[in-house]
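Remarks on the overall topology
Letter by letter, the chains look like this.
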Amino acid sequence: MTETAFIHRFEPAGNAGSPPLLLLHGTGGDENDLLGLGKMISPGSALLSPRGRVLEHGMPRFFRRLAEGVFDEEDVARRAHELGDFVAEARQRYGIAAPIAVGFSNGANIAAALLLLQPDVLAGAILLRAMVPLSDPPEAALGGKSVLLLSGQADPIVPASNSARLAALLWQAGASVTHKVLPAGHQLSQADVTLARDWISEADARAA
Ligand code: MLT
């Protein structure tokens, strides 16, 4: 598979010191959706933004689901590996470092799967409204990686127990996890943008 197998957008870095971002949209989104968010939370970062290759009634997604919140886990694993290959090839083609994933909803879930299945692909992740993507993931080594998990208190799709379980799973694998529950639903709020922006600048400061 070549990286062109994923329709994607790439915007080069305006500031070589800013970490590249891998933008992963939610169900029904596409490669254009999160470019604005990426620019808001980390102006100057290179942006790599693929479109999910699975279609659900015409809506792009990153993996198949059997029902809302019920995942086809074999497909999750297969698609996470495809995405990992895409990132590796895009890194060579565009000359970028390992990116920080910024995923929303379905995009956050595939980012979580990627962290668990191919820990070396991502430098870290911002997971917006994520769920546990795999019920029995392999032991991952996430030492040195930071993850920001932002959940919505009134999210009708992601139960609080599920996002807490994801935070624990990532933490047990060695990641440094910041989990915040916002007074929000499944949709993003201004607080998500502010917290994500602050977290990236702190991560930048830590890396400097
Ligand atoms: C998923 O399928 O990944 C989650 O249910 C979130 C969504 O896309 O609605």
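Scroll up to find the structure.
These numbers were taken from a predicted model, which means no experiment stands behind them.

Overview of the overall build of the chain
When its secondary structure is counted, the chain shows 5 helices and 11 strands. In terms of overall dimensions, the chain is globule-like: its C-alpha atoms have a radius of gyration of 15 Å, near the 17 Å expected for 208 residues. Along the longest, intermediate and shortest principal axes, the C-alpha atoms of the chain span 40 × 35 × 30 Å. Within the chain, the proportion of its 208 residues that are buried is 52%. In the chain, of all internal contacts separated by at least 6 residues, the share reaching a separation of at least 24 is 71%. Averaging the coordinates of the 17 positive side-chain charges in the chain and doing the same for the 22 negative ones gives two points 3 Å apart.

Some points on the site of the ligand
Taken together, T27, R61, F63, R65, G69, F71, S105, N106, N109 and I157 form the complete shell of residues around the ligand. The contact in question runs from an oxygen atom of the ligand to an N or O atom on the side chain of R65, over 3.1 Å. Side-chain polar atom of N106 to an oxygen atom of the ligand: 2.9 Å apart, as the coordinates give it. A class-by-class count of the residues in the shell around the ligand yields 3 nonpolar, 5 polar and 2 charged.

Observations concerning the nonpolar core
By size, the foremost hydrophobic cluster in this structure holds 42 residues, and its most contacted members are L22, L24, F86, L127, L166 and L170. Elements with a contribution of two residues or more to this core: β2 (21–24), α2 (73–94), α3 (106–117), β9 (124–128), β10 (146–152) and α4 (160–172). For this core, the element with the most residues is α3, which contributes 8 residues. Contacts of L166, omitting those with residues within four sequence positions, involve A112, L127, A130, M131, V132, P133 and L149. Grouped together as the second largest cluster of nonpolar side chains are 20 residues, L21, L128, L150 and A184 included.

As for the sheet that holds strand β3 (residues 47–50)
In space, the 7 strands of this open sheet follow the order β1-β3-β2-β8-β9-β10-β11, with mixed pairing throughout. One side of each edge strand has no neighbouring strand; the edge strands of this open sheet are β1 (8–11) and β11 (176–182). Taken pair by pair, the neighbouring strands of this sheet meet at an average axis angle of 10°, ignoring direction. Pairing between β1 and β3: 4 bridges, direction antiparallel. Bridge pairing links H8 to P50 in β3. Here α2 sits on the sheet and contacts β1, β2 and β3; the angle it forms with β3, its principal contact strand, is near 140°. On top of the sheet, α3 reaches β2, β8 (100–104), β9 and β10; it is set at about 140° to β8, its chief contact.

Thresholds applied
Residues numbered from 1 in each chain as written. Predicted model: local features only at pLDDT ≥ 70, side-chain atom pairs only at ≥ 80, totals over all residues. Heavy atoms only, no water. Helix = DSSP H or I, 4+ residues; strand = E, 2+ residues; numbered from the N terminus. Rg over C-alpha atoms; globule rule 2.2 N^0.38 Å. Buried < 20%, exposed > 50% of the residue type's maximum accessible area, 1.4 Å probe, protein only. Contact = heavy atoms within 4.5 Å. Lys, Arg positive; Asp, Glu negative; His and termini not counted. Charge placed at Lys NZ, Arg CZ, Asp CG, Glu CD. Near = heavy atom within 4 Å. Polar contact = N/O pair within 3.5 Å; in protein donor to acceptor, adjacent residues only side chain to side chain. Nonpolar A, V, L, I, M, F, W, Y, C, P; charged D, E, K, R; others polar. Core = buried A, V, L, I, M, F, W, Y, C linked by side-chain atoms within 4.5 Å. Pairing = 2+ DSSP bridges. Axes fitted to C-alpha atoms, helices over the stretch in contact; angles between N-to-C directions.

Everything listed is a geometric property; what it means functionally is a separate question.
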